[in-house]
Amino acid sequence: MDVTVAEAAASALAGLGVGLTAALSFRWSEKDRKKSAKRVEQQPEPELPPGVDTVLSVLRSCAVVLDDSDQVIKASSAAYALGLVRGGAIAVNEMLAMARLTRRDGEIRQADLDIPRGGGKQTGDALAVSVRVAPLGSRLVLVLVEDLTEARRIEAVRRDFVANVSHELKTPVGALSLLSEAVQDASDDPEAVRRFAGRMLIEATRLTSLVQEIIELSRVQDDDRLVDAEPVAVDELVAEAMDRCRHQAAAKQITMAAGGIAGLYLHGNRGQLAAALGNLVENAVNYSPVRTRVAIAARKVPGSRVDTVEISVTDQGTGISEKDRERIFERFYRVDPARSRATGGTGLGLSIVKHVAASHGGTVSVWSVEGQGSTFTLRLPTTTPAGTATTAGTDAAATAETDIESDIESDSEIGIDSDVDGRTEAEPEPVTEHPLPVHHPAPEVQS
């Protein structure tokens, strides 16, 4: 019995010794771990040189600072917004490669890159950026990124505009040159001289119209500023637009009809508004078949903040196809260039209308179905005759329309192409003005 007790006591002492040994080992390992972590925490992290943080905060470019392990220690909010920095690292491989080379040899590098939006590898529209990489002290690298996407787009639009203007000017100038040579060769033939002189007058008129509309487009292209703004009566604008096209309408026996709500007012530049509405009416008359009607109607649509005046110009032409409706507000765009130039159009009228509408806080849209004609609608904020904005309107109810926004980067006019039939025209009928119901069906293309 004594032997058993002794053995139990020995076993207990042995277990106690093992437990104490394990506890001491755990404590020692815990101390070593804490010491190691403390040593790591005490290692100095890379710091920005004095004043650099302040400078980076006021830069317009995206700024990213990398340490010697390619980790981002400082990045501007714009860099995150463009997707250049993700998870504490630069997300664009080309920029990372430039930073590593600069860290290695200390040379400043610059390059223009096209990177996916968001900095990832997904397909889609690319961002055009200018990247500049420079060493910042002995351990850091500074990456500056400037977004050039909008500047590149504007430059492309300008190049296209210059090319289009050059092409459009070349046609009448070349024609005048050839006709002048023809006049010289036919100096002994009075009939030929008269015929060529008439053609020269037509080309000179087209050239004058083109130059005038280019000047007009340059004036209205600034959408942020209105010059000489005043209350403008819509009735006067409609009457002026109809008077501007009276001769052309009479020659084609086209009846012009004015209707809608009377006594409406707009606030803006009278000359620009008259030019915009006049372009719409002239476009409808020039490209409508003979013996048809062009209707101009105005109405007021109540809005949550300000009421809107809608001025619609409807023709009975052949209409515009869906693919062409998406581009009709681009500069110089025409459905059929050959048939459109036969009318003497410059290709800038609808572009002017679009910019006038935008500068006055409004929009212009088109509804059209091939074989059923077209309706162009100006929507502009209304005012009272005294010039104060109205907040409620009761003259008309809104129609069920679906406005589809146009993603067009540039603007222009198109002729609404329609063939004039071959019937012999009789004496022009007098142009009459009387109310005519105007429909506003959907869908529309809005710009």
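On a predicted model such as this, the values are computed, not experimentally measured, just so you know. (Residues numbered from 1 in each chain as written. Predicted model: local features only at pLDDT ≥ 70, side-chain atom pairs only at ≥ 80, totals over all residues. Heavy atoms only, no water.)

Okay, the pattern of salt bridges next. This structure, assessed with the given rule, holds 13 salt bridges. In this structure, the salt-bridge partner of arginine 139 is aspartate 68, at a minimum N-O distance of 3.5 Å. Highlighted residues: arginine 139 in the loop between strand E6 (126-136) and strand E7 (140-147) and aspartate 68 in the loop between strand E1 (62-66) and strand E2 (72-75), separated in sequence by 71 residues. Given the relative accessible area of 44%, aspartate 68 is considered partly exposed. Its salt-bridge partner being glutamate 282, residue arginine 244 comes within 2.8 Å of it at the nearest N-O pair. Taken together, the residues span a long stretch of sequence, with arginine 244 in helix H7 (residues 234-244) and glutamate 282 in helix H9 (residues 270-286) at a distance of 38 residues. By relative accessible area, which is 35% here, arginine 244 ends up partly exposed. (Salt bridge = Lys/Arg side-chain N within 4 Å of Asp/Glu carboxyl O. Helix = DSSP H or I, 4+ residues; strand = E, 2+ residues; numbered from the N terminus. Buried < 20%, exposed > 50% of the residue type's maximum accessible area, 1.4 Å probe, protein only.)

Per-chain confidence: the chain averages 75 in pLDDT, with 68% of residues scoring 70 or above. A low-confidence stretch, residues 36-44 (pLDDT under 50), is modelled with one contact involving residues beyond four sequence positions or located in other chains. Confidence over residues 388-443 falls short of pLDDT 50; this stretch has 179 contacts with residues more than four positions distant or in other chains. (pLDDT = per-residue confidence, 0-100. Contact = heavy atoms within 4.5 Å.)

A sheet is described by the order of its strands in space; here five strands give the open sequence E2-E1-E7-E6-E5, paired in antiparallel fashion. If you trace the sheet from one side to the other, it starts and ends with E2 and strand E5 (109-116), each paired once. Each strand of the sheet is rotated relative to its neighbour by a mean of 25 degrees, with strand direction disregarded. Here E5 pairs with E6 via eight bridges, running antiparallel. (Pairing = 2+ DSSP bridges. Axes fitted to C-alpha atoms, helices over the stretch in contact; angles between N-to-C directions.)

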